[in-house]
Amino acid sequence: MSQEPGPADDQHPQDVDDTSHAVPDPDPSNTPEQEIAIEQRFVDRVYQRVDVLRADAEGNRDAGYAHLAATVPGAQYERDVFVYRAARRIADLDSQHEGLVFGRLDFDDGKVRHIGRLGVRDEEYRTLLVDWRAPAAAPFYRATAVDRQEVARRRVIRSFGRGVEEISDDLLNEDAAERLPVVGDGALMAALGRKRTGRMRDIVATIQAEQDAAIRAPGRGATIITGGPGTGKTVVALHRAAYLLYQDRNRYEAAGILVVGPSAVFMKYIGRVLPSLGEETAALYSMGELYAGVEATRQDRPEVAAVKGGTVMIPILRRLVRQTPPGAPDELRIVYRGDVFRLDAAELAAVRARVFEKETRPNLAKTEAGRALLIALWRKIKPVIPDAEPAKFSRDVGSRGEFLTFLDHWWPDLDPADVLGWAGDTRRLASAAEGHLKRDAIEGVAASLRESDFSIPDVALLDELRLLLGIKPQPRGRDRIRSWDGIQEVSTTQDRYYDRPERQSRDAFYEDYAHVIVDEAQDLSPMQWRVLGRRGRAAGWTVVGDEAQSSWPRPKESAEARRRAVPRGRVHEFHLTKNYRNSKEVFEYAAEWAKPRLRHIDLPEAVRETGVAVEEKSVAADALLPELAGAVAEALEAVEGTVGIIAPYARHAELAGLVHDDRVTLVGPLESKGLEWDAVIAVDLGAVAKSHGAGVAYVVLTRATQRLHRIDVV
């Protein structure tokens, strides 16, 4: 079986061979069609090489399957690992097939370097294609006319399947115009003008310099990425995950990367970005999914969410777990040597309090609870039966079936979901919240907890209860996170998986991540930061957000919780300044609305214009449906891509009938965070601002890439 050289044979990334041997010398008189043909020949060569590598991987896989006679456990394991690695190589090659080659660099010295989704070497192990994450690819994203990094021309190559459809050049060295043809108007603007499909795309071909700097920041410590709407914060964070996995695969794949977003809708939207980059090992969770077995999507009313998310809930939950479970017996009766002895409700309550003095976690205190009951009984028995022996009494009564049955019912193992459900009883919650919450807050929280499903803020409460009750966290392995000095440049898929450790199982409770990426961080409540702090106790962090878009009403409390969650260490800060999402018309309208309502607002520069002004209209409540129906029809006619209706939650039932086209989506204001549509219809913005704050209304106004239509209800 043929085999590519392993990582030990790989060359240092800074010494990568340029691919000038693979392309003809440039001719400044070439037409765009001739230049496309040149790139097509190179792309064909890369795909031919990839076909060979894929055939090799298939041969290795089939050879592994052929070893059916392996009977020794060690041989069986080696066979299975061999087959697994070959299958992973095939899957990786397949996932990167579309648009495999997307960039080219021409240097001042005449050398050429092609950039792609994978690193590929030719038959003689010379560099054919450089992986976009490799240091050798950095000039493709970072070179500018001011800091050219010896780049004369940067070319973006757009393909469909294996065919090159378009090229676009940036000439960075004007002196090279006599020897290099220049085609097109630049790739970024073309990419921004493409229609939206309802799923986020990768941007490997159009990453800008300020974005690339954030993507390639060191993995250790905390990387803070800020920027206003449309600056690409989310997609930068996702590409950062792919970069970290490439840069130190052993560390980040073995221990894991956690990517956290605000909602299930958002996670579905971004879900294909990492696979499109060839990475499927990162764990993607919304804040409503970070408790195993729960997938919360319900939003609480803002005033209720503000209570549940605050640190005021910590002492309330601590009191709650100390309460007597519903249905627990309120009397213990024991017959000992002919006499009946009993502990009434008050005495049992006193015993329960003594148990918690020694062990605060009830699920770890059952043995102590049994001991405390026996001590309380002994104090009643000793005066009545003076010759009773304590050791004999404990052995006799403590082993009785009726005593053990009582103990099981009086001190049961508690589940966090059941305990949180207790707080749906207003009297129980009032007892736990005495001195912490006012009556209206207690009633609002209790009403929410009586719902049939959990809300997104409930997930943080469940996770807090998990520890307060004494459910042990997963064991931490000392050697799980490993790292080596230096960075290997990927050459083939086989190299990528040649020495890869087995992937660890990571459910919602996993707490040993090597890196945690938090998107829309400005919206996280203090209780949610506590959840993430537990997941990333020894992790590096990437925190992405924009304070102006926050829905959390007490930013200082949240900032303090973030400081506690993110381990102290070196901090790398990056600020993104260009708005690539919104047209200038849309963003200037949103900015004018937001400036008098939001403090410290960050206003990036919109980089393109469409000539389409924002439409505004005010209608009576009974005229909303026909007006909105007309706006949807107009938007579908005007754009090729998607249309979003963003409306207050209270109006969703009446508006749902207007979603009759798969290009149209109806979402609430909070779910719209991080999403984008070609056209957006913002319904009843005043109600959104009143319920969720001006920051969320600002979010609503900045979701459109081309057209924004605002309909107010008067």
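The rules we used
Each chain carries its own residue numbering, running from 1 in the direction its sequence is written. This being a predicted model, a pLDDT of at least 70 is required before a residue's local features are given, and a value of 80 or more before pairs of side-chain atoms are given or counted; all residues contribute to the totals for chains, interfaces and linings. Hydrogens and water molecules were not included; the side-chain quantities draw on all heavy atoms of the structure. The criterion is simple. A nonpolar core is a set of buried Ala, Val, Leu, Ile, Met, Phe, Trp, Tyr and Cys residues joined through side-chain atoms within 4.5 Å. Between buried and exposed lies partly exposed: a residue is buried under 20% and exposed over 50% of the maximum accessible area for its type, with that area taken using a 1.4 Å probe on protein chains only. Each helix is a run of DSSP H or I of at least 4 residues and each strand a run of E of at least 2, with the numbering of both proceeding from the N terminus. For this analysis, a polar contact is any N or O atom pair within 3.5 Å, provided that within protein one partner can donate a hydrogen and the other can accept it, and provided that sequence-adjacent residues contribute only side-chain to side-chain pairs. Contacts are assigned to residue pairs with any non-hydrogen atoms lying within 4.5 Å of each other. Every residue gets a pLDDT, meaning the predictor's confidence in that residue, from 0 to 100. The convention used is that axes are lines fitted to C-alpha atoms, helices contributing only their stretch in contact, and that angles between N-to-C directions extend from 0 to 180 degrees. Oblique is the label for any angle not under 35 degrees, not over 145, and not in the 65 to 115 range, which are roughly parallel, roughly antiparallel and roughly perpendicular in turn. By definition, turning the near helix anticlockwise from the far helix through less than a right angle yields a left-handed crossing, and turning it clockwise yields a right-handed one. Under the scheme applied, nonpolar residues are Ala, Val, Leu, Ile, Met, Phe, Trp, Tyr, Cys and Pro; charged residues are Asp, Glu, Lys and Arg; polar residues are all the others, including Gly. Think of it this way: DSSP has to see at least two bridges between two strands before they count as a pair. Any carboxyl oxygen of Asp or Glu within 4 Å of a side-chain nitrogen of Lys or Arg constitutes a salt bridge here. Multiply 1.5 Å by the residue count of a helix minus one, and that product is the helix's expected span.

A. Geometry of the nonpolar core. By size, the foremost hydrophobic cluster in this structure holds 131 residues, and its most contacted members are Ile-257, Trp-529, Leu-532, Trp-541 and Leu-708. Counting residues per element, this core draws most heavily on helix 6 (residues 233-247), which supplies nine residues.

B. Local environment of the side chain of Asn-582. Locating Asn-582 in the fold gives a position in the loop between strand 15 (578-579) and helix 23 (584-594). Using a relative accessible area of 0% as the deciding quantity, one classes Asn-582 as buried. A distance of 3.1 Å separates a polar atom in the side chain of Asn-582 from the backbone oxygen of Thr-702. A distance of 2.7 Å separates a polar atom in the side chain of Asn-582 from the backbone oxygen of Ala-704. For Asn-582, the residues in contact, after removing those within four places along its chain, are Pro-229, Phe-587, Ala-606, Arg-608, Thr-702, Arg-703, Ala-704 and Thr-705.

C. Quick peek at the confidence of the model for the protein. For the protein, the average pLDDT comes to 84, and 82% of its residues sit at 70 or higher. The model gives residues 186-192 a pLDDT under 50, and that stretch makes 17 contacts with residues more than four places away or in other chains. Contacts for the low-pLDDT stretch residues 473-504, under 50 throughout, to residues beyond four places or in other chains number 100 contacts.

D. Seen up close, the packing of helix 12 (residues 345-358) against helix 13 (residues 366-384). The contact between helix 12 and helix 13 brings their axes to 9 Å, and the two run at 135 degrees. Considering the angle they form, helix 12 stands oblique to helix 13. Considering how the two elements wind past one another, helix 12 and helix 13 form a crossing that is right-handed. When helix 12 is examined against helix 13, the residues Glu-347, Leu-348, Val-351, Arg-354, Val-355 and Lys-358 are found in contact with a partner set consisting of Glu-368, Ala-369, Ala-372, Leu-373, Ala-376, Arg-379 and Lys-380. For the contact of helix 12 with helix 13, the class distribution of residues is seven nonpolar, no polar and six charged.

E. Local environment of the sheet that holds strand 12 (residues 515-518). Strand order in the open sheet formed by six strands is 9-8-12-13-7-14, with parallel pairing between adjacent strands. Bordering the open sheet on either side are strand 9 (283-286) and strand 14 (571-576), each of which pairs with just one other strand. Put simply, the sheet's adjacent strands are angled 15 degrees from each other on average, direction ignored. With four bridges joining them, strand 12 and strand 13 (residues 540-545) adopt parallel strand pairing.

F. View of the pattern of salt bridges. According to the stated counting rule, one finds 57 salt bridges in the structure shown. What you see here is one network of salt bridges that share partners, running through Asp-463, Glu-464, Arg-466, Glu-511, Asp-512, Arg-530, Arg-534, Arg-535 and Arg-537.

G. Layout of helix 6. Compared with an ideal rise of 1.5 Å per residue, which puts 15 residues at 21 Å, helix 6 spans 20 Å between its outermost C-alpha atoms and is within 8% of the ideal. With 14 of 15 residues buried, helix 6 lies mostly within the body of the structure.

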